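# Working through the structure, step by step
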Amino acid sequence: MSERYLERKFTVRAHGRALVLHKREQEKPEHRVMMALLWAMYLPSYPDIRIDVPVGVRYRPDLVQLDAAGQPVFWGECGAVGAEKLEHLCRHYRDTHLVLAKWETRLDRVAQQIERALRGVRRTQPIELIGLRSQHAHAIAASGEIDSKLEGVERLRWEAR
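The paragraphs below set out a description of the structure included in this document.

On a plain count of helices and strands, the chain comes out with three helices and eight strands. Along the chain, helices (α) and strands (β) appear in the sequence β-β-α-β-β-β-α-β-α-β-β when read from the amino end. For the chain, the C-alpha radius of gyration of 15 Å lies close to 15 Å, the compact-globule estimate for 161 residues. Projected onto its principal axes, the C-alpha coordinates of the chain cover approximately 45 × 35 × 30 Å.

What follows is the structure, encoded as structure tokens:
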């Protein structure tokens, strides 16, 4: 991991937009890198996506886009997500595109957790599980520009059902 990601604040760019990331003291650098990469990946579909925005509910998303009524249409989580939170998101945000990103993690166990959380739940939007590896941090150039193609990203998707 580059020294750049250890800085308290850094700016990334993708699709003609910029995002300033503020790293919290106890936060791992990988968490902010995942947030930056997800932002770049989903920005074309969700042009008003924001990070670390409270939405007035029990949980706070890492990335979110709200509709005109203030309801999440996109919710992204990076890193650890407990079973209780996963079930809550699956059940209470059925009309929200949910994306979970993991760093250097085998996705099969997380996929099983998602399957359990989805039992008996009807959804109108998909859930995606994204597996990022340390080499994906190199998609962020020294200038902060992100190559949003991200070759070799592992992706699992559960369609609306």
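Moving on to the pattern of salt bridges. This model, assessed by the stated rule, comprises 11 salt bridges. In this structure, Asp52 and Arg32 form a salt bridge, with 2.7 Å as the shortest nitrogen-oxygen distance. Here Asp52 is found in the loop between β3 (50–51) and β4 (63–66), whereas its partner Arg32 is found in helix α1 (residues 29–42), with 20 residues between them in sequence. It is possible to trace a salt-bridge network through shared partners that takes in Arg24, Glu27, Arg32 and Asp52.

Before going further, it helps to examine the packing of aromatic side chains. In total, this model carries three aromatic pairs according to the counting rule given. Here Tyr42 and Phe74 contribute two aromatic rings whose centre-to-centre distance is 5.1 Å and whose plane-to-plane angle is 40 degrees, an arrangement assigned as tilted. Residue Tyr42 is located in helix α1, and its partner Phe74 is located in strand β5 (residues 72–78); the two are separated by 32 residues in the primary sequence. Overall, Phe74 belongs to the buried group, its relative accessible area being 0%. An angle of 45 degrees between the planes, with centres 4.9 Å apart, marks the rings of Trp75 and Tyr93 as tilted. You can see Trp75 sitting in strand β5 and its partner Tyr93 sitting in the loop between α2 (83–92) and β6 (97–103), a full 18 residues away along the chain. Like Tyr93, Trp75 is buried. Among the aromatic residues, those joined into a cluster by ring pairs are Tyr42, Tyr46 and Phe74.

On strand β1 (residues 9–14), burial follows the alternation: Phe10, Val12 and Ala14 on one face are buried, whereas Lys9, Thr11 and Arg13 on the facing-out side are not. Here β1 folds back onto strand β2 (residues 17–22), and the loop between the two strands holds two residues, one of which, His15, carries a positive phi near 50 degrees.

Pairing within the open sheet is mixed, and its six strands lie in the order β3-β4-β5-β6-β7-β8. The two strands at the open ends of the sheet, each matched to only one other strand, are β3 and β8 (154–158). Bridging between β4 and β5 involves four bridges; their strand directions are antiparallel. Residue pairing for β5: Leu66 is matched across the bridge by Pro72. The sheet contacts of α1 involve β3, β4, β5, β6, β7 (127–132) and β8, and relative to β6 the element is tilted by about 140 degrees.

Conventions and cut-offs
- Residues numbered from 1 in each chain as written.
- Predicted model: local features only at pLDDT ≥ 70, side-chain atom pairs only at ≥ 80, totals over all residues.
- Heavy atoms only, no water.
- Helix = DSSP H or I, 4+ residues; strand = E, 2+ residues; numbered from the N terminus.
- Rg over C-alpha atoms; globule rule 2.2 N^0.38 Å.
- Salt bridge = Lys/Arg side-chain N within 4 Å of Asp/Glu carboxyl O.
- Phe/Tyr/Trp six-rings, centres within 6.5 Å; stacked < 30°, edge-to-face > 60°.
- Buried < 20%, exposed > 50% of the residue type's maximum accessible area, 1.4 Å probe, protein only.
- Pairing = 2+ DSSP bridges.
- Contact = heavy atoms within 4.5 Å.
- Axes fitted to C-alpha atoms, helices over the stretch in contact; angles between N-to-C directions.

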